[in-house]
Amino acid sequence: MIGVTYQQIQKYETGANRISAATLFRIAAAFNVAPAFFFEGLATGEGEGAAPGAEVAAGAISLDGIADQDVREKLRALIVSLDEGRDR
């Protein structure tokens, strides 16, 4: 649905690869949300835009706009696994 292989999704989950802007756009389309949805609630730091390397407070991303509870839980698990992969 988003144009990547199962193996690529695994790499996103483990943090081995980052999600490109184009893939994020396709993910947003699959969930029927705007790409900006994934950035709601993020701190922008000083000046315009987010500061490079800015940390996101736990729970800053709301998935409540996704009606399907199963999809919300799977996306939440993906986000957690991506965060865990950052420390590697």
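Counting restarts for each chain: residues are numbered from 1 in the order of the written sequence. Local features in this predicted model are restricted to residues of pLDDT 70 or higher, and side-chain atom pairs are both shown and tallied only at a pLDDT of 80 or more, whereas totals for entire chains, interfaces and linings draw on every residue. Side-chain figures throughout are based on the complete set of non-hydrogen atoms in the structure, without hydrogens or water.

Draft legend 1. Inspection of the environment of F31 at higher detail. Only DSSP runs of H or I reaching four residues or more are called helices, and only runs of E reaching two or more are called strands; each is numbered from the N terminus. Here F31 lies in the loop between α2 (21-30) and α3 (69-85). Leave out the neighbours within four places in its chain, and F31 touches F38, I66, V71 and L75. Here, residues are in contact when the closest pair of their heavy atoms is within 4.5 Å.

Draft legend 2. Focus on the packing of aromatic side chains. Any pair of Phe, Tyr and Trp rings, taking the six-membered ring for Trp, is counted once the centres come within 6.5 Å. Such a pair is stacked with planes under 30 degrees apart, edge-to-face with planes over 60 apart, and tilted for the rest. All chains considered together, the criterion is met by one aromatic pair. Ring plane angle 80 degrees and centroid distance 5.4 Å describe the contact between F37 and F38, whose orientation is recorded as edge-to-face. Taken as a pair, F37 and F38 share a single burial class, namely buried. To sort residues, take the accessible area from a 1.4 Å probe on protein chains only and compare it with the maximum for the residue type: under 20% means buried, over 50% means exposed, and anything in between is partly exposed.

Draft legend 3. Seen up close, the layout of surface pockets. Cavities and pockets are found on a 1 Å grid laid over the protein atoms alone: a cavity is a set of points where a 1.4 Å probe fits but cannot escape, a pocket is an open set with protein on both sides within 12 Å along at least five of seven lines, and a lining residue has an atom within 4 Å of such a point. Grid points are joined across faces, edges and corners, and a volume is the space filled by probe spheres set on the points. Looking at the second largest pocket, its volume works out to about 390 Å³. Secondary-structure elements contributing two or more residues to the lining of the second largest pocket are α1 (6-14), α2 and α3. Per element, the largest residue contribution to the lining of the second largest pocket is five residues, and it comes from α3. Residue classes in the lining of the second largest pocket are distributed as twelve nonpolar, no polar and three charged. In this count, Pro and Cys sit with the nonpolar residues alongside Ala, Val, Leu, Ile, Met, Phe, Trp and Tyr, while Asp, Glu, Lys and Arg are called charged and the others, Gly among them, polar.

Draft legend 4. Examining the side chain of T23 more closely. Its location among the elements puts T23 in helix α2. In terms of polar contacts, T23 uses its side chain to reach the side chain of S20, at 3.0 Å. A polar contact of 3.0 Å, which involves the side chain of T23, links it to the side chain of R26. Not counting residues up to four positions away in its chain, the partners in contact with T23 are I2, V4 and Y12. Any pair of N or O atoms that falls within 3.5 Å is considered a polar contact. Within protein, one atom must be able to donate a hydrogen and the other to accept it, and sequence-neighbouring residues count only if both atoms are side-chain atoms.

Draft legend 5. Quick peek at the nonpolar core. Buried Ala, Val, Leu, Ile, Met, Phe, Trp, Tyr and Cys residues form a nonpolar core when they are joined through side-chain atoms within 4.5 Å. Counting ten residues, the largest nonpolar core is built from I2, L24, I27, A28, V33, F37, F38, L63, I66 and L75. Counting residues per element, this core draws most heavily on α2, at three residues. In this view, I27 contacts I2, I19 and F38; residues no more than four positions away in its chain are not counted.

Draft legend 6. Layout of the pattern of salt bridges. Salt bridges are identified by distance alone: a Lys or Arg side-chain nitrogen within 4 Å of an Asp or Glu carboxyl oxygen. Counted by the stated rule, this structure contains two salt bridges. The salt bridge involving D70 is made with K74; its shortest N-O contact spans 3.3 Å. Separated by four residues within a single helix, D70 and K74 lie in helix α3, roughly one turn from each other. Classification of K74 as exposed rests on a relative accessible area of 56%. Here E73 ties to R76 by a salt bridge, and the two come within 3.0 Å at their closest N and O atoms. With a gap of three residues between them, E73 and R76 both fall in helix α3, about one helical turn apart. Judged by its relative accessible area of 41%, E73 falls in the partly exposed class.

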